[in-house]
Amino acid sequence: AIRRPGNPNDREPPPGYDIMMAVTDRGTPSRTTTKGIVIKVTDVNDNKPVFEKSRYEVDVNEDIPINSNILNVKADDADEGVNAETDYSIISQSHGQFPAVMTTLR
């Protein structure tokens, strides 16, 4: 049995192990053979995306042209592959009827 410290199912870090195993018989003389074993720990979606900033705030002039970029946000996810891909969307709005455009970015 191979045991890992901490959470035994967490891929971050390391993503795997290279192990050299040996087996010895009980004969006389005893014989031994070795074999390399690669254990790859696959990722599960166990991390939430984290925004770069704790709060985003922007002032916008009332005469800003339609479709103007007013804010860039960034979030990272410590998972790997498809589990690290992120989608952005506006899920609520306040302060009147600001026209929200739902945009998905990758």
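See the structure above.
Residues numbered from 1 in each chain as written. Predicted model: local features only at pLDDT ≥ 70, side-chain atom pairs only at ≥ 80, totals over all residues. Heavy atoms only, no water.

Here we take up the overall build of the protein chain. Helix and strand content of the protein chain: zero helices and four strands. Secondary structure elements of the protein chain, listed N to C terminal, follow the sequence β-β-β-β. Relative to its 106 residues, the protein chain shows a buried fraction of 10%. By sequence separation, contacts in the protein chain at least 24 residues apart represent 41% of the contacts at least 6 residues apart. Of the roughly 9700 Å² of accessible surface on the protein chain, 52% is carried by carbon and sulfur atoms. (Helix = DSSP H or I, 4+ residues; strand = E, 2+ residues; numbered from the N terminus. Buried < 20%, exposed > 50% of the residue type's maximum accessible area, 1.4 Å probe, protein only. Contact = heavy atoms within 4.5 Å. Areas by Shrake-Rupley, 256 points an atom, 1.4 Å probe, with all protein chains shown as cover.)

Bringing the pattern of salt bridges into the picture now. On inspection of all chains with the given rule, the structure shows two salt bridges. Ionic pairing is found between Glu-57 and Arg-55, a salt bridge with its closest N-O pair at 3.3 Å. Accessibility expressed as a relative area gives 61% for Glu-57, which makes it exposed. Residue Lys-74 pairs with Asp-76 through a salt bridge whose shortest N-O separation is 2.9 Å. Residue Asp-76 is classed as partly exposed on the basis of its relative accessible area, which comes to 45%. (Salt bridge = Lys/Arg side-chain N within 4 Å of Asp/Glu carboxyl O.)

With that settled, the discussion passes to the environment of Val-23. Structurally, Val-23 is set in strand 1 (residues 16-24). Once the C-alpha coordinates of Val-23 and Lys-35 are considered, the two residues, twelve residues apart in sequence, prove to be 8.7 Å apart. Once you skip the residues sitting within four places of it in the chain, Val-23 turns out to touch Arg-31, Thr-32 and Thr-33.

Another aspect to go through is the environment of Ala-84. Along the chain, Ala-84 falls in the segment after strand 4 (75-76). Residue Ala-84 is classed as partly exposed on the basis of its relative accessible area, which comes to 25%. In the structure, Ala-84 is positioned 40 residues away from Val-44 in sequence and 9.8 Å away in space, judged by C-alpha atoms. Those residues in contact with Ala-84, other than ones at most four positions away along the chain, are Asp-77 and Asp-79.

The subject of this paragraph is a nonpolar patch on the surface. Judged by side-chain polarity, Phe-51, Val-58, Val-60, Ile-64, Ile-70, Leu-71 and Val-73 come together as a nonpolar surface patch covering roughly 520 Å² of accessible area. With respect to the helices and strands, the residue Phe-51 is situated in strand 3 (residues 50-51). (Patch = residues over 30% accessible without salt bridge, like charges linked within 9 Å, V, L, I, M, F, W, Y side chains within 5 Å.)

Applying the stated criterion across every chain yields a total of one aromatic pair. An angle of 70° between the planes, with centres 6.0 Å apart, marks the rings of Phe-51 and Tyr-56 as edge-to-face. Of the residues examined, Phe-51 reaches a relative accessible area of 47% and is grouped as partly exposed. Of the residues examined, Tyr-56 reaches a relative accessible area of 22% and is grouped as partly exposed. (Phe/Tyr/Trp six-rings, centres within 6.5 Å; stacked < 30°, edge-to-face > 60°.)

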